[in-house]
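# Observations on the model geometry
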Amino acid sequence: MNKCFFIVGLSASGKTTLATRLVDHLRETGFQSILVDGDQINQFSILNKYNGHDLESRLQRGKDLTNFVQWLIMCNVIPVISVIGQPAKLRTYWKKQINSYTEIQLKCDVKTCQKRDKKNLYNRALNEDLKNVIGIDIPYKDPLTSNLTIDAINLTEEEVFKEVLEHFQLKSLDSSN
């Protein structure tokens with residue numbers, strides 16, 4: 001099966017939470033799936049480590065991620081990728097390079113994300129203790145053509161998950177559809 005899900009949005013919008021639930025669901029329904037989380041990619045140096053979180057470093061890491069995702073798909077594993085997805089041209093690159101690219105955008109404003117932020121990124125950036133934070137000193141550009149855009153402000157974690165399940169139940173996970 002050739003399928004992958006990229007869950008994109010601001011930090012603290014709920015990407016990893018949704019991705020974890022989706023991976024668990026896919027496994028429970030008999031599919032091999034893996035969570036590929038942007039923070040873990042950096043933490044464990046899974047891909048080439050680029051210094052900083054500036055847009056150029058993000059772009060290069062994202063391009064390297066492409067090969068990893070394609071390999072997982074080739075191994076019949078459904079990758080669920082949880083990343084901010086910036087710069088915007090990176091999402092365009094993924095769409096062109098990965099045939100089974102499926103994008104889920106969690107739409108959430110910075111103010112709401114700041115309240116949810118367990119890593120304290122936004123406060124540190126607002127206090128100028130941290131640079132290159134998407135949504136603060138680097139503008140976040142919403143995807144224009146996501147397969148699914150979800151209101152991550154007003155919906156609960158459970159409602160967001162159900163919306164994903166309902167949307168993609170309409171489509172077979174089989175790549176021939």
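A word on the layout of surface pockets. Its boundaries defined by the atoms lining it, the largest pocket holds a volume of some 1100 Å³. Lining the largest pocket are 46 residues, with Ser11, Lys15, Asp39, Ile84 and Lys119 positioned closest to its centre. Secondary structure elements with two or more residues in the lining of the largest pocket: α1 (15-28), α2 (38-43), α3 (55-74), β3 (78-83), α4 (88-97), α6 (121-126) and α7 (157-169).

Our focus in this paragraph is the pattern of salt bridges. Summed over all chains, the structure comprises 4 salt bridges. Here Glu157 and Arg21 are joined by a salt bridge, their closest N and O atoms 3.8 Å apart. Of the two residues, Glu157 sits in helix α7 while Arg21 sits in helix α1, which places them 136 residues apart along the sequence. For Glu158, the salt bridge is made with Arg21, and the minimal N-O distance between the two is 2.8 Å.

A separate point is the side chain of Ser33. Positionally, Ser33 belongs in strand β2 (residues 33-37). Classification of Ser33 by relative accessible area gives buried; the value is 7%. In this structure the side chain of Ser33 is engaged in a polar contact, spanning 2.7 Å, whose partner is the backbone oxygen of Ile78. For Ser33, the contacting residues outside a window of four places in its chain are Val23, Leu26, Arg27, Val77, Ile78 and Val80.

To continue, consider the packing of aromatic side chains. Summed over the entire model, instances satisfying the criterion amount to 5 aromatic pairs. Both rings, one in Phe6 and one in Trp94, keep their centres 4.5 Å apart while their planes meet at 35°; by these two values the pair is tilted. Within this pair, whereas Phe6 is found in strand β1 (residues 4-8), its partner Trp94 is found in helix α4, the two being separated by 88 residues in sequence. Trp94 carries the same exposure label as Phe6, and that label is buried. With 4.8 Å between their ring centres and 40° between their planes, Phe6 and Tyr101 make a pair best called tilted. Within this pair, whereas Phe6 is found in strand β1, its partner Tyr101 is found in strand β4 (residues 101-107), the two being separated by 95 residues in sequence. Among the aromatic side chains, those forming a connected cluster through ring pairs are Phe6, Trp94 and Tyr101. One Lys or Arg, Lys63, reaches over the ring of Tyr93 and ends 5.1 Å from the middle of that ring.

At a minimum axis separation of 10 Å, α1 and α7 run at an interaxial angle of 50°. Compared by their axis directions, α1 and α7 come out oblique. For the element pair α1 and α7, the recorded crossing hand is right-handed. Between α1, through Thr17, Leu18, Arg21, Leu22 and His25, and α7, the contact on the second element is made entirely by Glu157, Glu158, Val160, Phe161, Val164 and Leu165. Residue classes in the contact of α1 with α7 are distributed as 6 nonpolar, 2 polar and 3 charged.

Ordered by their spatial adjacency, 5 strands build an open sheet running β2-β3-β1-β4-β5, and the pairing between neighbours is parallel. A single partner strand is all that each edge strand has here, and the edge strands are β2 and β5 (148-151). The average angle at which neighbouring strand axes cross in this sheet is 20°, direction not considered. When β1 meets β3, the two strands line up parallel, connected through 4 bridges. Across the sheet, the residue bridging to Ile7 is Ser82, located in β3. In the packing of α1 onto the sheet, the strands contacted are β1, β2, β3 and β4, and the crossing angle to β2 comes to about 170°. Contacts from α7 reach β1, β4 and β5 within the one sheet, and its direction differs from that of β5 by about 155°.

Criteria and thresholds
- Residues numbered from 1 in each chain as written.
- Predicted model: local features only at pLDDT ≥ 70, side-chain atom pairs only at ≥ 80, totals over all residues.
- Heavy atoms only, no water.
- 1 Å grid on protein atoms, 1.4 Å probe; cavity = no way out; pocket = protein on both sides within 12 Å on 5 of 7 lines; lining within 4 Å.
- Points joined across faces, edges and corners; volume = space filled by probe spheres on them.
- Helix = DSSP H or I, 4+ residues; strand = E, 2+ residues; numbered from the N terminus.
- Salt bridge = Lys/Arg side-chain N within 4 Å of Asp/Glu carboxyl O.
- Buried < 20%, exposed > 50% of the residue type's maximum accessible area, 1.4 Å probe, protein only.
- Polar contact = N/O pair within 3.5 Å; in protein donor to acceptor, adjacent residues only side chain to side chain.
- Contact = heavy atoms within 4.5 Å.
- Phe/Tyr/Trp six-rings, centres within 6.5 Å; stacked < 30°, edge-to-face > 60°.
- Lys NZ or Arg CZ within 6 Å of the ring centre and 35° of its normal.
- Axes fitted to C-alpha atoms, helices over the stretch in contact; angles between N-to-C directions.
- Parallel < 35°, antiparallel > 145°, perpendicular 65-115°, else oblique.
- Left-handed = near helix turned anticlockwise from the far one by under 90°.
- Nonpolar A, V, L, I, M, F, W, Y, C, P; charged D, E, K, R; others polar.
- Pairing = 2+ DSSP bridges.

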